Structures are given as structure tokens and as C-alpha cells.
Amino acid sequence: MIDLHSHTWLSDGELSPQKLIERAISLGIQQLAITDHDSVGAHHMLAPFEHESLQLLSGVEISTQWEGKEVHIVGILFDLENQDLASLLQRQQVLRRERAEDIALQLDKTGITGLMGYLNELPCESLGRSHIATFLVERGYVGSKQMAFSKYLGKRGRIQTRIPWCEISEAVGTIRAAGGLSIIAHPDRYDFNRVKLRRLLAEFADAGGDAVEVSYSNLHPEKLQALADRTIEAGLWASVGSDFHTPSNAWMDLGRIRQLPANCASRAIWYHPRWSVALPANVPAANNN
Ligand code: AMP
Ligand code: MN
Ligand code: MN
Ligand code: MN
């Protein structure tokens, strides 16, 4: 049981780092990467971490820009003390705060006030649109987070903002220099056609990227197979992760991930030559999911 993509309340997850760990243990997860958006705060809070059945891997999910779209890069197994990575994350957190302030001003103009006061009370380090969606639901402006995105925060919503996220090459280069492996997160959520996805994987591989998240949460089996094929074609490794945010989404629970398709099972990221080198030595490594 391996899960290499999960969130705590240091970004837009619902659980504290401690509660996330407890849930992972109770679900029988053996290797877990906490990958908050542009934050490694949870890892610093949990350190030093040791448990007989659960190995905690360093992780982060970095927002990047590529051809005008937002692409998420998951980094794992890097050195948490690396200063270049810490500065990159710090920069992205500032961009997130500035965007939230911009959104607060835009909401003010429509008569919705109090956003920054609300956000400042949260335990998170990385402010995201998800927090703003929750604010809009809690204050009764919309009936659901989905509505908050469609009406206000999403691509066609009333509030338009753009963050100059770092480039993919910077995210990948920084993760690599910190000793980690980088993974393209949830590739089918970007609405890229096959040609564009191929180009993304090729550029990512050229930049020194390692793997593609092939299996995640409720990905359709046909898409899973297609992603496995693209990954092998690009000479990349295959990763797995639930993208867990909250216990209320049962279909995205920790470890709830389909097995990798047979044609990429031997390309699983845990067979990557740098995996075992970077792995913390606190418990024996599991080697299957
Ligand atoms: P941000 O980090 O601010 O760019 O926001 C991205 C995060 O918002 C994603 O990781 C999701 O957790 C969440 N999100 C994005 N789009 C939606 C949506 N349509 N409905 C619910 N949550 C969403
Ligand atoms: Mn999120
Ligand atoms: Mn993501
Ligand atoms: Mn995520």
C-alpha cells in the first residue's frame, strides 16, 4: 500500500498532519508522501517521524506554468533542509497570498467582504482557491464548492486571476538538485489532447523529470491504460497517488488507487534507481502496491 500524493491543512487538505498520519496507519498504508501545495510545513511539524508500519516520504506539489496552463509537479524523497527548494516554495506562497488579496478586492466590489480575515484564521501555509470556495459556501453565497468554482473561481468564473507560477524546468531542476524525484500530477485533469500530452511528457523528461502519476483516485481504467502507454513511450516511470484532501470524498481516500497496468508494473517509481537511495531508513521498504 503506497500513496504518493496527499494533502493536509498546511495547504487545502482538511486534516492536520497528525490526523492524516493516523488515517494512513489505520488504512494500512505502508509508504505515504504528504504533498501539500507549495508547502513542506507538515513534514517539519511531524519530524522526526518514526512508526513501525508507516514510512513517511518527503513530498510537495508545486504549481507550475506550461503553455499558458497550470501543471502540477509532485516532488518526493528530497532533502527537506534544501535551501533552494525552501526559497522556491516561499516565493510561491507569497504569490498565493497576493492572489488571495486580489480575489478579496474583487469580491469586495461585488459586496462579499471578510475574505482575508477568514483566511488569516486558517492553519494553512499555502492559500488556495479551495479555501476561498469554502469561505463562499460557509457564508452562504453558493451551495457547494463546485458552485464556488463554476460561479466565481474557475476558468469561466466571475473572478479572473493569474499567478506567474514557476516554470516546469525550475520545479524539476530544484527537486532534482535537492535529491528528489519529480512526477507530473494527475495528467488527465489538464484537458490536454494526445499531442499536447506527448509534448508535455517529452519536455518534462528533457528537463530531468522522472515519472507520471499513472494511477490516481477514480481515474477510468481506459484512461489509466492510455496514460501507462504514454508514460512508457516517453521513457518515464509510473507513480501512484490518491490526491487525498478530505475523508468526505470516499472515492479519493488514502490508498484508494488502482494497480498499475501490467505493461508499466516494472516501471513503477519504486524501482527507480534513485528511490532506494533517497528512502529514509526508519522501516523496511515495501516494494509493491
Ligand atoms: P490552487 O492551488 O489555488 O490553484 O487551487 C487548486 C486546487 O483547488 C486543486 O488542487 C483542488 O484541490 C481545488 N480545485 C480546483 N478546481 C476545483 C473544482 N472545480 N472544484 C473543487 N475543487 C477544485
Ligand atoms: Mn488541492
Ligand atoms: Mn494538483
Ligand atoms: Mn494534489
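Right above here is the structure, for reference.
Now for a quick tour of the structure.

What counts and how
- Residues numbered from 1 in each chain as written.
- Chains lettered and ligands numbered in written order.
- Predicted model: local features only at pLDDT ≥ 70, side-chain atom pairs only at ≥ 80, totals over all residues.
- Heavy atoms only, no water.
- Donors = N, O, S within 2.8 Å, 3.2 Å for Na, K, Ca; no water.
- Tetrahedral: all angles 85-135°; square planar, octahedral: opposite > 155°, others 65-115°.
- Helix = DSSP H or I, 4+ residues; strand = E, 2+ residues; numbered from the N terminus.
- Buried < 20%, exposed > 50% of the residue type's maximum accessible area, 1.4 Å probe, protein only.

**Re the coordination of the manganese ion (ligand 2)**
Turning to step 1, where the next piece is worked out: Here the manganese ion (ligand 2) is held by the protein donor atoms Asp-12 (OD), Asp-12 (OD), His-37 (NE2) and His-245 (NE2), which lie 2.2 to 2.7 Å from it.
Turning to step 2, where the next piece is worked out: Given six donor atoms and angles of 52 to 157° at the metal, the environment of the manganese ion (ligand 2) is assigned as irregular.
Turning to step 3, where the next piece is worked out: Expressed as a motif, the donor residue spacing for the manganese ion (ligand 2) is D-x24-H-x207-H.
Turning to step 4, where the next piece is worked out: Taken as an interatomic distance, the gap from the manganese ion (ligand 2) to the manganese ion (ligand 3) is 5.5 Å. One end of the pair, His-37, is in the loop between strand E2 (31–33) and helix H2 (41–46); the other, His-245, is in the loop between strand E9 (237–240) and helix H10 (273–278), and 208 residues separate them in sequence.
Turning to step 5, where the next piece is worked out: Note on His-37: relative accessible area 9%, which makes it buried.
Turning to step 6, where the next piece is worked out: Given the relative accessible area of 18%, His-245 is considered buried.

**Side note on the coordination of the manganese ion (ligand 4)**
Turning to step 1, where the next piece is worked out: Protein coordination at the manganese ion (ligand 4) comes from His-5 (NE2), His-7 (NE2), Glu-61 (OE) and Asp-243 (OD), with a distance range of 2.1 to 2.2 Å.
Turning to step 2, where the next piece is worked out: Between the two metals, the manganese ion (ligand 4) and the manganese ion (ligand 2), the spacing is 4.6 Å.
Turning to step 3, where the next piece is worked out: The class of His-7 is buried, set by a relative accessible area of 0%.

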